[in-house]
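Coordinates in review
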Amino acid sequence: GRGEHGLAGDDRHQCADPPTQWGPSASWPVVLAPIGGPWMTVPVSTLRISASVRDTLNWMPTLNYKGFVLVGRGRYDEALPFYQKRVELARLVGSPGDEAWAWSSIAYVHQMQGDLPRARDEYLAAYRLLEDPYPGINAATLSLLLGDRPTSTMLAQEIARKLAER
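Let me begin by describing the structure that accompanies this report. Note that the coordinates shown come from a computational prediction; the quantities given were computed from them, not determined experimentally.

1. Comments concerning the side chain of glutamate 122
Mapped onto the fold, glutamate 122 is located in helix 4 (residues 116–130). According to the relative accessible area criterion, glutamate 122 is buried, its value standing at 10%. Not counting residues within four places of it along the chain, the set of residues in contact with glutamate 122 comprises Trp103, Ile106, Ala107 and His110.

2. Here we look at the packing of aromatic side chains
Following the criterion strictly, the structure yields two aromatic pairs and no others. Ring centres of tyrosine 65 and phenylalanine 68 lie 6.3 Å apart, and the angle between their planes is 35 degrees; on these two criteria the pair is classed as tilted. Of the two residues, tyrosine 65 and phenylalanine 68 are both situated in helix 1 (residues 56–72); the distance of three residues between them amounts to about one turn of the helix. Measuring from centroid to centroid gives 6.4 Å for tyrosine 123 and tyrosine 134, while their planes differ by 85 degrees, and the two rings are edge-to-face. Of the two residues, tyrosine 123 is situated in helix 4 and tyrosine 134 in helix 5 (residues 133–145); the sequence distance between them amounts to 11 residues.

3. Quick word on the packing of helix 5 against helix 6 (residues 149–165)
Relative orientation of the contacting elements helix 5 and helix 6 amounts to 155 degrees, with a least axis distance of 7 Å. Taken together, helix 5 and helix 6 sit at an angle that is classed as roughly antiparallel. At the point where helix 5 passes helix 6, the crossing takes the left-handed sense. Of helix 6, the residues touching helix 5 (which contributes Pro133, Gly136, Ile137, Ala139, Ala140, Ser143 and Leu144) are Arg149, Thr151, Ser152, Leu155, Ala156, Ile159 and Leu163.

4. Digging into the pattern of salt bridges
As enumerated under the stated definition, the model contains 10 salt bridges in all. In this structure, glutamate 78 engages arginine 75 in a salt bridge whose closest nitrogen and oxygen atoms are separated by 2.8 Å. With a relative accessible area of 37%, glutamate 78 lands in the partly exposed category. It is possible to trace a salt-bridge network through shared partners that takes in Arg128, Glu131, Glu158 and Lys162.

5. What about helix 4?
A rise of 1.5 Å per residue sets the reference length of helix 4, with its 15 residues, at 21 Å; its end C-alpha atoms lie 22 Å apart and thus fit the reference within 8%. Those residues of helix 4 that sit buried are Ala119, Arg120, Glu122, Tyr123, Ala126 and Tyr127. Taken down its axis, helix 4 places every buried residue within 165 degrees of arc, on the same side. Tucked inside the fold, the buried residues of helix 4 contact helix 3 (96–112), helix 5 and helix 6.

6. Here we look at the side chain of serine 95
In this fold, serine 95 is placed in the loop between helix 2 (76–93) and helix 3. Note on serine 95: relative accessible area 17%, which makes it buried. Those residues in contact with serine 95, other than ones at most four positions away along the chain, are Met60 and Ala90.

7. So, the environment of tyrosine 108
Within the secondary structure layout, tyrosine 108 lies in helix 3. Residues tyrosine 108 and arginine 118, 10 residues apart in the sequence, show an inter-C-alpha distance of 9.9 Å. Residues in contact with tyrosine 108, not counting those within four places in the same chain, are Val71 and Tyr123.

8. Things to note about the nonpolar core
Formed by 18 residues in total, the largest nonpolar core has its most connected members in Val71, Ala79, Tyr83, Val87, Trp103, Ile106 and Val109. Elements with a contribution of two residues or more to this core: helix 1, helix 2 and helix 3. Here this core gets eight residues from one element, more than from any other, and that element is helix 2. Ignoring sequence-local partners within four residues, the contact set of valine 87 consists of Glu99, Ala102, Trp103 and Ile106. Formed by nine residues, the second largest nonpolar core is a distinct cluster that contains Ala107, Leu142, Leu155 and Ile159.

What counts and what doesn't
- Residues numbered from 1 in each chain as written.
- Predicted model: local features only at pLDDT ≥ 70, side-chain atom pairs only at ≥ 80, totals over all residues.
- Heavy atoms only, no water.
- Helix = DSSP H or I, 4+ residues; strand = E, 2+ residues; numbered from the N terminus.
- Buried < 20%, exposed > 50% of the residue type's maximum accessible area, 1.4 Å probe, protein only.
- Contact = heavy atoms within 4.5 Å.
- Phe/Tyr/Trp six-rings, centres within 6.5 Å; stacked < 30°, edge-to-face > 60°.
- Axes fitted to C-alpha atoms, helices over the stretch in contact; angles between N-to-C directions.
- Parallel < 35°, antiparallel > 145°, perpendicular 65-115°, else oblique.
- Left-handed = near helix turned anticlockwise from the far one by under 90°.
- Salt bridge = Lys/Arg side-chain N within 4 Å of Asp/Glu carboxyl O.
- Expected span 1.5 Å × (residues − 1).
- Arc of directions from axis to C-beta.
- Core = buried A, V, L, I, M, F, W, Y, C linked by side-chain atoms within 4.5 Å.

Written as structure tokens, this is what we have:
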């Protein structure tokens, strides 16, 4: 049945309210996740995530997708643990790109909840990991909205300079 594909007994990261039907007309899109080989896949919404997972290259995007589904439903507090788990796994395997992506997702949740100072700090953390313009521009914009013009200007100039060097 559905949900039998968990890797440990840890259900804390199981999506709540699974769809009532499966397939293209389901209430959630069906996204398949690899669980051992290209021919071994299951719907993402049936997966249980455990800290003992070793295959982080596939699990980090899966965690992000589960958070994305919950954010799309306005269930921000439920989405945060998925993004936080991705930060944890990214740090364990030394993947700054995955960590930056997770911090950007966390920042977006805080932004949607109206916590702009925290959102700005999380976008800034993501920017500092990779110096990717996307979270940097968001940090600069939120800094301006929060009345921190010097930080906003410094970030905007830094990003513009780096983009011009490309």
